[in-house]
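# Structure assessment
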Amino acid sequence: MVRTNESEILDQDDVPEGLVERAYRDLARIHHWLGDTRFIVNAIRRDPLPVYRILDVGCGTGLVLEEIGRRLGVEVVGAEISPHPSIAAPVPIVKADAVRDPLPSAEIAFSMCLGHHLSEDDLAGLIRNVGRFCRRFILLDLVRHPLPLVLFRLFVTPFLCQIGVEDGQRSIRRSYTPLELRRIAGSALAGTTSTFTLSVAPFYVRQVMDISYANTANGEAVRSAYCEFISGK
């Protein structure tokens with residue numbers, strides 16, 4: 001499959017918030033059913049170091065973040081370039097472009113299905129930027145392959161609103177292959193001692209890039225930079 005770059009409906013600014021709310025609720029439910037949320041929770045639980053705060057990069061309305069925070073019992077915060085405060089879950093969400101802006105500091109950051117929205121250069125920029133504020137980044141995304149596209153049409157679309165049906169298919173076509181994702185991460189981390197692993201689930205239902213950053217900035221310095229950014233807005 002050739003990668004397409006067709007924008008998704010939820011990326012547009014004129015979608016009524018009622019439809020946005022339903023679409024994000026559908027997405028959170030699908031992440032739960034497919035085991036994506038459980039995967040993130042278990043990955044964080046296995047972290048050998050203390051985890052006090054988790055950052056969701058590209059958190060949407062924060063529904064997945066809320067569930068993860070509740071299951072792990074830790075502080076959570078989201079970063080979203082186009083937040084919807086009137087329909088958001090009861091978790092703190094800051095408006096930020098995660099590719100370029102300062103982010104809230106946390107021990108671990110994760111993102112679900114954000115990577116395919118970005119160009120290769122911006123995805124590399126995201127990987128580098130998150131490393132300035134977190135020591136670990138778990139990037140979960142779709143895989144561009146005919147099999148998940150067929151499975152999505154057969155088993156997932158009956159449970160989604162029309163926006164979810166259309167955006168889900170566009171998302172798969174926009175996603176990166178594991179080989180492409182590995183190349184992008186390697187380029188982003190070149191010249192550092194940071195490391196990453198890439199795992200692909202059966203039937204290509206998900207791929208996960210787990211990055212451990214080296215020489216992450218001191219937490220207090222990072223928090224200070226973020227506070228200065230917020231106060232200057």
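A brief structural summary.

The rules behind these values
Residues numbered from 1 in each chain as written. Predicted model: local features only at pLDDT ≥ 70, side-chain atom pairs only at ≥ 80, totals over all residues. Heavy atoms only, no water. Disulfide = S-S within 2.5 Å. Axes fitted to C-alpha atoms, helices over the stretch in contact; angles between N-to-C directions. Helix = DSSP H or I, 4+ residues; strand = E, 2+ residues; numbered from the N terminus. Parallel < 35°, antiparallel > 145°, perpendicular 65-115°, else oblique. Left-handed = near helix turned anticlockwise from the far one by under 90°. Contact = heavy atoms within 4.5 Å. Nonpolar A, V, L, I, M, F, W, Y, C, P; charged D, E, K, R; others polar. Buried < 20%, exposed > 50% of the residue type's maximum accessible area, 1.4 Å probe, protein only. Polar contact = N/O pair within 3.5 Å; in protein donor to acceptor, adjacent residues only side chain to side chain.

Overall, the coordinates contain zero disulfides when judged by the stated rule. Cys59 provides the cysteine sulfur closest to Cys134, a residue in no disulfide bond, and the two sulfurs are 13 Å apart.

Right, let's talk about the packing of helix α2 (residues 36-45) against helix α3 (residues 63-72) for a bit. Where α2 meets α3, the closest approach of the two axes is 10 Å, and the angle between their N-to-C directions is 40 degrees. Between α2 and α3, the angle is such that the two are oblique. The element α2 and its partner α3 pack so that their crossing is right-handed. Of the residues in α3, those touching α2 at Thr37, Arg38, Ile40, Val41, Ile44 and Arg45 are Val64, Glu67, Ile68, Arg71 and Leu72. Among the residues making up the contact of α2 with α3, the classes are represented as six nonpolar, one polar and four charged.

Further remarks concern the environment of Gln207. Considering the arrangement of structural elements, one finds Gln207 in strand β7 (residues 207-212). According to the relative accessible area criterion, Gln207 is buried, its value standing at 1%. Sequence-wise, Gln207 and Leu140 are 67 residues apart; in three dimensions their C-alpha atoms are separated by 5.9 Å. Looking at Gln207, its side chain comes within polar contact range of the main-chain oxygen of Tyr176, at 2.8 Å.

Interpretation in functional terms is not warranted from these geometric data alone.
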